[in-house]
Amino acid sequence: MKQALFLLNMGGPNSLDEVELFLYNMFSDKNILPTNPVTRALVRTIIIAKRLEEAKESYAHLGGKSPLSDLTQELIEKLKNILDIPIYPAMRYVPPFAQESLKKCKDEGVEELLLFPLYPQYSTTTTLSSYEDIVSRCKALDYHPKITMLACQYYDDIDYINANVAQIEKAINGQDISEYDLLLSAHGLPVSIIKAGDPYQRQVESNVSAIRTLLKIKDINFKDVKLVYQSKVGNATWLEPNLVDVLRNPTNRKVLIYPLAFTIDNSETLFELDIEHREIAEKIKYDDYIVAECMNNSEAFVNLIVKYVNMNSSQKKNSTFPCADCSVCLCCGAASTYDSEIVKS
């Protein structure tokens with residue numbers, strides 16, 4: 001069966017002109033704003049009016065665009081050295097969208113699409129949204145390949161946990177970190193989405209627990225290891241503790257921040273964490289403030305993706321792994337049922 005691999009992510013503006021498109025598409029997503037279409041349109045308009053210029057200014061600090069697309073392409077180039085199948089990025093809110101790649105797959109007779117989310121923890125706002133995007137675009141093209149989600153989530157995969165710790169060790173760079181706090185920063189979500197059944201918070205907390213355990217096994221002893229959430233938008237109640245609040249009320253002025261919920265560096269790591277929040281730390285006179293890189297195209301992350309592709313090819317994937325707490329399981333057989341529900345709706 002002829003296959004192609006798609007790497008799923010939200011994407012980031014490729015120019016300042018794309019910032020508005022990014023915000024428009026993100027806040028048009030029913031998974032991001034789970035309300036009726038009229039209310040969603042109103043909220044979207046308000047958010048864009050409030051955030052557009054500020055968002056453009058943020059991307060200007062990064063050279064006028066998000067680094068995410070280029071870094072994803074670097075990851076793809078490394079994967080191409082190992083995997084003998086076409087590999088495409090599929091961004092949710094800005095180009096490269098999946099559309100052109102799916103047209104190419106249809107023309108070339110690709111029979112199975114292998115989807116790998118660049119989101120380690122499952123959420124309706126990320127993994128499900130990207131999956132629905134692929135399904136709807138295939139339907140629009142009258143293209144009916146087998147769609148295989150290689151993993152809904154991999155937050156508890158030991159190879160992924162090892163890759164996390166490797167990035168933390170890289171950031172430590174041989175320093176004595178016994179007086180440092182490790183802040184594991186995950187992207188926040190409104191509490192209302194969690195209460196609706198999204199497993200994201202549980203998975204993030206399990207991810208943190210696994211990292212703590214491996215650090216202890218490797219005798220890497222921070223003064224404290226804390227989970228924090230970043231990137232809050234609006235006045236709704238979001239997951240806590242909020243990173244900004246933690247930084248502004250320090251119990252320790254030596255910190256290392258690892259972006260837990262991101263695999264590829266983007267504006268929320270390179271600007272929000274490493275520029276914007278660093279300014280807070282400098283004003284409060286932190287003794288040291290370190291931000292670790294995401295996995296990007298690290299050997300460990302490349303090997304993790306290859307492992308999931310090979311698991312699918314060898315048909316050794318356990319039918320119950322790794323979706324035990326997905327509200328909608330996309331990679332252990334429930335996807336076909338879910339697809340039929342999309343058609344019905």
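No experiment lies behind these values; they were computed from the predicted model shown. (Residues numbered from 1 in each chain as written. Predicted model: local features only at pLDDT ≥ 70, side-chain atom pairs only at ≥ 80, totals over all residues. Heavy atoms only, no water.)

1. Some words on the pairing of strand β4 (residues 146–149)
Alright, step 1. Of the pairings in the sheet, the one linking strand β3 (residues 112–117) to β4 comprises 4 bridges and is parallel in character. Residue pairing across strands places Leu114 opposite Thr148, the latter belonging to β4.
Alright, step 2. Between β3 and its parallel partner β4, the chain crosses via helix α5 (residues 124–140), and the hand of that crossover is right-handed. (Pairing = 2+ DSSP bridges. Helix = DSSP H or I, 4+ residues; strand = E, 2+ residues; numbered from the N terminus. Right-handed = clockwise from strand over helix to strand, strands pointing away.)

2. Looking at the side chain of Asn31
Alright, step 1. Structurally, the position occupied by Asn31 is in the loop between α1 (19–26) and α2 (37–60).
Alright, step 2. We classify Asn31 as buried; its relative accessible area is 10%.
Alright, step 3. Within the structure, Asn31 has its side chain in polar contact with the side chain of Glu132 (distance 2.9 Å).
Alright, step 4. Aside from chain neighbours lying at most four places away, what touches Asn31 is Thr124, Thr125, Leu128, Ser129, Glu132 and Ile193. (Buried < 20%, exposed > 50% of the residue type's maximum accessible area, 1.4 Å probe, protein only. Polar contact = N/O pair within 3.5 Å; in protein donor to acceptor, adjacent residues only side chain to side chain. Contact = heavy atoms within 4.5 Å.)

3. With respect to helix α12 (residues 299–314)
Alright, step 1. Across its 16 residues, α12 extends 22 Å between first and last C-alpha, which sits within 8% of the 22 Å expected from 1.5 Å per residue.
Alright, step 2. Phe301, Val302, Leu304, Ile305, Val306, Tyr308, Val309, Met311 and Asn312 are the residues of α12 that are buried.
Alright, step 3. Check the buried side of α12 and you find it contacts β1 (3–9), α3 (68–80), β3, β4 and α6 (158–172). (Expected span 1.5 Å × (residues − 1).)

4. Regarding the confidence of the model for the chain
Alright, step 1. Put simply, the chain has an average pLDDT of 91, and 91% of its residues get 70 or more.
Alright, step 2. For residues 316–322, every residue scores under 50 in pLDDT, and the model assigns this stretch 10 contacts once sequence neighbours within four places are set aside.
Alright, step 3. A low-confidence stretch, residues 340–345 stays under pLDDT 50, and its non-local contacts, those more than four residues away or across chains, total 3 contacts. (pLDDT = per-residue confidence, 0-100.)

5. Observations concerning the sheet that holds β4
The strands that make up a sheet pair up through hydrogen bonds in the backbone, lying either parallel or antiparallel.
Alright, step 1. Across the sheet, which stays open at both edges, the 4 strands sit in the order β2-β1-β3-β4 with parallel pairing between neighbours. Every interior strand has two partners, whereas the edge strands, β2 (87–91) and β4, have only one. Geometrically, the sheet is characterised by an average inter-axis angle of 25 degrees between neighbouring strands, direction not taken into account.
Alright, step 2. Note: β1 against β2, 5 bridges, orientation parallel. Note that in β2 the partner of Leu5 across the bridge is Ile87.
Alright, step 3. The strands touched by α5 within the sheet are β1, β2, β3 and β4, with β4 carrying the most contacts at an inclination of about 170 degrees.
Alright, step 4. Set on the sheet, α12 makes contact with β1, β3 and β4; between it and β3 the angle comes to about 145 degrees. (Axes fitted to C-alpha atoms, helices over the stretch in contact; angles between N-to-C directions.)

6. Here we look at the environment of Tyr143
Alright, step 1. As for its position among the elements, Tyr143 is in the loop between α5 and β4.
Alright, step 2. What makes Tyr143 buried here is its relative accessible area of 8%.
Alright, step 3. Through-space distance from the C-alpha of Tyr143 to that of Glu132 is 14 Å; in sequence the pair is 11 residues apart.
Alright, step 4. Not counting residues up to four positions away in its chain, the partners in contact with Tyr143 are Leu102, Cys105, Lys106, Val110, Leu113 and Cys138.
Alright, step 5. Separated by 2.7 Å, the side chain of Tyr143 and the backbone oxygen of Val110 make a polar contact.

7. Details of the sheet that holds strand β5 (residues 181–187)
Alright, step 1. The parallel open sheet is built from 4 strands, whose spatial order is β6-β5-β7-β8. Each edge of the open sheet is held by one strand with a lone partner, namely β6 (224–230) and β8 (288–291). Direction aside, the axes of adjacent strands within the sheet are offset by 25 degrees on average.
Alright, step 2. Across 7 bridges, the pairing between β5 and β6 is parallel. Within β6, the position partnered with Leu183 by the bridge is Lys226.
Alright, step 3. Sitting on the sheet, helix α11 (residues 272–283) touches β5, β6, β7 (254–259) and β8, and the angle it makes with β8 is about 170 degrees.

8. Regarding the nonpolar core
Alright, step 1. Core analysis: the largest hydrophobic core is formed by 60 residues, its most contacted members being Leu5, Leu7, Phe116, Phe222 and Phe301.
Alright, step 2. For this core, the element with the most residues is α12, which contributes 8 residues.
Alright, step 3. Setting aside chain neighbours within four positions, we find Phe116 in contact with Leu5, Phe6, Leu7, Leu8, Leu150, Tyr154, Phe301, Leu304, Ile305 and Tyr308.
Alright, step 4. Formed by 22 residues, the second largest nonpolar core is a distinct cluster that contains Tyr88, Val110, Val135 and Cys152. (Core = buried A, V, L, I, M, F, W, Y, C linked by side-chain atoms within 4.5 Å.)

9. What about a negative patch on the surface?
Alright, step 1. Taken together, the side chains of Glu54, Glu57, Glu276, Glu279 and Glu282 define an acidic patch exposed on the protein surface.
Alright, step 2. Sorting the residues of the negative patch by element identifies α2 and α11 as the ones contributing at least two each.
Alright, step 3. At 3 residues, the largest contribution of residues to the negative patch is made by α11.
Alright, step 4. The residue Glu282 is located in helix α11 in this model.
Alright, step 5. What makes Glu282 exposed here is its relative accessible area of 54%. (Patch = residues over 30% accessible without salt bridge, like charges linked within 9 Å, V, L, I, M, F, W, Y side chains within 5 Å. Areas by Shrake-Rupley, 256 points an atom, 1.4 Å probe, with all protein chains shown as cover. Salt bridge = Lys/Arg side-chain N within 4 Å of Asp/Glu carboxyl O. Lys, Arg positive; Asp, Glu negative; His and termini not counted. Charge placed at Lys NZ, Arg CZ, Asp CG, Glu CD.)

10. What about the pattern of salt bridges?
Alright, step 1. Per the counting criterion, the structure on display carries 14 salt bridges.
Alright, step 2. Taking the shortest distance from any N to any O, the salt bridge between Glu100 and Lys103 comes out at 3.5 Å. With Glu100 and Lys103 both in helix α4 (residues 99–107) and 3 residues apart, this pair spans about one turn of that helix.
Alright, step 3. A residue is classified by how much of its surface remains accessible, and Glu100, at 55% relative accessible area, is exposed.
Alright, step 4. Here Asp133 and Arg137 are joined by a salt bridge, their closest N and O atoms 2.9 Å apart. One end of the pair, Asp133, and the other, Arg137, are both in helix α5, 4 residues apart, so they sit about a helical turn from each other. For the pair Asp133 and Arg137, one class covers both residues: buried.
Alright, step 5. Members of the salt-bridge network, linked through shared partners, are Asp29, Arg92, Asp133 and Arg137.

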